[in-house]
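Here's the letter readout for the chains.
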Amino acid sequence: MTYFGSGHWWWPYLFILLAGWVATDFWRFLGVALGGRMAEGSDLLVLVRSVATALVAGVVGNLIVFPGGALATTPLALRLGAAVVGFAAYFASGKRMIVGILVAEALLIAGLLML
Amino acid sequence: MMETGETQVSEADGSRAYWLLRGMSGAISLPGLILISSFVGFAALAKAAGVTAAQAVFMTGVVWALPSKVVLVGAVAAGVTLPAVALGVTLSAIRLMPMAMALIPELRSERTPRWVLYALAHCVAVTSWVLALERLKDVPRPLRTTYYAGLGFTLIGMNMIVVAVVYALADSLPAPISAALLMLTPMYFVTSLWGSAREQAGHVAMILGVVLGPLFHILVPDGDLLAAGLVGGGAAYGWHRARRAIAS
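Residues numbered from 1 in each chain as written. Chains lettered and ligands numbered in written order. Predicted model: local features only at pLDDT ≥ 70, side-chain atom pairs only at ≥ 80, totals over all residues. Heavy atoms only, no water.

A. Main features of a nonpolar patch on the surface. Residue and element names in this part refer to chain A. Together, Trp-9, Trp-10, Leu-14, Leu-18, Trp-21 and Val-22 line one region of the surface with nonpolar side chains, adding up to about 610 Å² of accessible area. Along the polypeptide, Leu-14 turns up in helix H1 (residues 11-34). The exposure class of Leu-14 is partly exposed, given its relative accessible area of 33%. (Patch = residues over 30% accessible without salt bridge, like charges linked within 9 Å, V, L, I, M, F, W, Y side chains within 5 Å. Areas by Shrake-Rupley, 256 points an atom, 1.4 Å probe, with all protein chains shown as cover. Salt bridge = Lys/Arg side-chain N within 4 Å of Asp/Glu carboxyl O. Helix = DSSP H or I, 4+ residues; strand = E, 2+ residues; numbered from the N terminus. Buried < 20%, exposed > 50% of the residue type's maximum accessible area, 1.4 Å probe, protein only.)

B. Examining the pattern of salt bridges more closely. Taken as a whole and assessed by the stated rule, the structure comprises 4 salt bridges over all chains. Its salt-bridge partner being Arg28(A), residue Asp25(A) comes within 2.6 Å of it at the nearest N-O pair. In this pair, Asp25(A) and Arg28(A) are both assigned in helix H1, 3 residues apart and thus about one turn of the helix distant. Summarising the burial analysis for this pair, Asp25(A) and Arg28(A) share the class buried. Put simply, Asp43(A), Arg241(B) and Arg244(B) are held in one network by salt bridges that share partners.

C. Geometry of unusual backbone geometry. A positive phi angle is found at Lys95(A), which is not glycine, with a value near 60°. One non-glycine residue with positive phi stands out, namely Trp64(B), at about 70°. Position of Trp64(B) relative to the elements: it lies in the loop between helix H3 (53-62) and helix H4 (66-77). Since its relative accessible area comes to 3%, Trp64(B) is described here as buried.

D. Broad picture of the interface of chain A and chain B. Between chain A and chain B, the contact holds 76 residues from the first and 95 residues from the second. Here chain A and chain B share an interface that buries about 7300 Å² over both sides, 78% of which is from carbon and sulfur atoms. For the pair chain A and chain B, the interface holds 17 residue pairs in polar contact (both at pLDDT 80 or more). Contributing elements (two or more residues each) for the side of chain A that touches chain B: H1, helix H2 (43-65), helix H3 (76-92) and helix H4 (97-114) of chain A. Considering each element in turn, the side of chain A that touches chain B owes the most residues, 22 residues, to H2(A). Of the residues belonging to the side of chain A that touches chain B, the class tally is 51 nonpolar, 16 polar and 9 charged. (Contact = heavy atoms within 4.5 Å. Buried area = accessible area lost by both parts, 1.4 Å probe. Polar contact = N/O pair within 3.5 Å; in protein donor to acceptor, adjacent residues only side chain to side chain. Nonpolar A, V, L, I, M, F, W, Y, C, P; charged D, E, K, R; others polar.)

E. Quick look at the packing of helix H2 (residues 30-49) of chain B against H4(B). Residues and elements named next belong to chain B. Where H2 contacts H4, the two axes come as close as 9 Å, and the packing angle between them is 15°. Regarding the angle of H2 to H4, the classification is roughly parallel. Where H2 crosses over H4, the two elements pack in a sense that is left-handed. Here Ser-38, Phe-39, Phe-42, Leu-45, Ala-46 and Ala-49 of H2 come into contact with H4, specifically with Leu-66, Lys-69, Val-70, Val-73 and Ala-77. Class assignment of the residues belonging to the contact of H2 with H4 gives a composition of 9 nonpolar, 1 polar and 1 charged. (Axes fitted to C-alpha atoms, helices over the stretch in contact; angles between N-to-C directions. Parallel < 35°, antiparallel > 145°, perpendicular 65-115°, else oblique. Left-handed = near helix turned anticlockwise from the far one by under 90°.)

F. Representation of the packing of H2(B) against helix H10 (residues 175-196) of chain B. All names here are of chain B. At a minimum axis separation of 7 Å, H2 and H10 run at an interaxial angle of 125°. On the basis of the axis angle, H2 is oblique to H10. The interaxial crossing formed by H2 with H10 has left-handed handedness. Residues Ile-34, Leu-35, Ser-37, Ser-38, Val-40, Gly-41, Phe-42, Ala-44 and Leu-45 of H2 pack against Leu-181, Leu-182, Leu-184, Thr-185 and Tyr-188 of H10. Of the residues in the contact of H2 with H10, the class split is 10 nonpolar, 4 polar and no charged.

G. Up close: the domain arrangement of chain A. Residues and elements named next belong to chain A. On domain assignment, one finds that chain A holds domain 1 (1-37), domain 2 (40-67) and domain 3 (69-115). The straight-line distance from the C-alpha centre of domain 2 to that of domain 3 is 22 Å. Opposite the 4 residues of domain 2 that make contact, domain 3 presents 6 residues. The junction of domain 2 with domain 3 conceals about 410 Å² of combined surface from both sides, 74% of it contributed by carbon and sulfur atoms. Taken as a group, Ile-64, Val-65 and Pro-67 account for 96% of the area that domain 2 buries against domain 3, more than any other trio of residues on that side. Our enumeration of links across domain 2 and domain 3 arrives at 0 salt bridges. Counting across the interface, domain 2 meets domain 3 through 2 residue pairs in polar contact (both at pLDDT 80 or more). For the side of domain 2 that touches domain 3, the class distribution of residues is 4 nonpolar, no polar and no charged. (Domains from an automatic or database assignment.)

H. Seen up close, the nonpolar core. Among the nonpolar cores identified, the biggest contains 105 residues, and Phe15(A), Phe42(B), Met59(B), Leu72(B) and Tyr148(B) are the most heavily contacted of them. When residues in this core are grouped by element, the largest group, 12 residues, is from H10(B). If sequence neighbours within four positions are ignored, Tyr148(B) has contacts with Leu103(B), Leu107(B), Leu120(B), Cys123(B), Val124(B), Ser128(B), Trp129(B), Ala132(B) and Phe153(B). (Core = buried A, V, L, I, M, F, W, Y, C linked by side-chain atoms within 4.5 Å.)

I. Up close: the packing of aromatic side chains. Following the criterion strictly, the structure yields 17 aromatic pairs over all chains and no others. Here the aromatic rings of Phe87(A) and Tyr90(A) are separated by 5.7 Å at their centres, their planes lie at 20°, and the arrangement is stacked. You can see Phe87(A) and its partner Tyr90(A) sitting in helix H3, 3 residues apart, about one turn around the helix. An angle of 80° between the planes, with centres 5.1 Å apart, marks the rings of Tyr18(B) and Trp19(B) as edge-to-face. A connected cluster of aromatic rings, assembled from ring pairs, spans Tyr3(A), Phe4(A), Trp11(A) and Phe15(A). The side chain of Lys69(B) reaches across the aromatic face of Phe42(B), ending 5.0 Å from its centre. (Phe/Tyr/Trp six-rings, centres within 6.5 Å; stacked < 30°, edge-to-face > 60°. Lys NZ or Arg CZ within 6 Å of the ring centre and 35° of its normal.)

Pasting the structure below:
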C-alpha cells in the first residue's frame, strides 16, 4: 500500500485523497464546527501546536540533511552553512522572511558555482 | 454604515464583484509572492520524489497546506505505507484546526450558510490566513466571505499553475538552480514557522524538531517524522508547563 506500489493510474490520486485531503480538511472542518469554542491559549492547543511544529521542523531538518534531486549531490556543510547564515540574516533584518530566504539561496548558489 | 442590518448588503458597501476582485488581487502581494516561490520549491521536491505533474497539481488543489504536502511527498518518496503517511499528514495538519476556529468568527455574518464556511475553510493555510486576519476588518461584514473566496481560491489556482509550469521547465534548468529551488521550502518553513509561533514553546519545538528529524531518520527511518513530532513537541510542551510553574 505504498504510493508507487500499484500499477493502476488512479491509485496515486486515491492515495492523495485519503492521506492528504481527508487528513487536512478533517481539521479545517472540525475548526469550523467548533467555531471558536476552545480558548486560544488553552494547554491542549499549546501541546497540539508544539507537536505539529516539531513535526514540520523535522521535515525541514531532513530536507536539508537528507535532500533529494539536485540538492542531494551538494556538500552537507554548504547546505547547513547556507541555512544557518540565512536564518541569522532573517533575525538580523528584523525577522524579514524574504531576507532570510534570499541570503541562504545566494550563499548556496555562490558555493555551488565556486566548487 | 454598518449599524443597521448587519447582514444586508447596502449601497455604500460596494458591489459583490468589487470585493471579489479586491480579494483576488490580495493574492498578488509580498506574502503571496513568497508563497509562489515556495511552491516552486515544492514542485521541484515532488518531481525529485517521482510524483507526476498531474498528481502534484491535484495534490496542490486538494491538500493545499504546504507543510502537509511536504510531509506527504517526503513520506511517499521514502516508500511509507498509506496508514503511516495518513497519520503523519494528520499530525502535521492539526494546526489548521485552531486557524479555522480563529478565522470563522471574522468571516461569518448572521445569514452565512454553514456550507459556505466549510467550503471556504478549505482555503485555510498559513498565507491566506495571515492575509485574511490582517485585511478582513476593512471589508464590510456581509461581503467578507466573498472577499475570502476571491483571495483563497486565487491563491490555490495560481499555485496549481505554478506547479505545472515548474514541472514543464525543471529539466531544462542548470544544476545549481535546481538545487536552489529545493532549498526554498526549508528556508520558507524555518522563517515562517518562527515568525508565526504563538508562544515560546513553538520556538523550542522548532529547534528540537530540526535536530530530531535527521537524528530519527537514522535511528527509526520508518517513523522519523512521527518520532520527531511527538518527542520534540512533547518536550516543548513540558518546557512550557515547567516555565509557567516556575513563574507562578
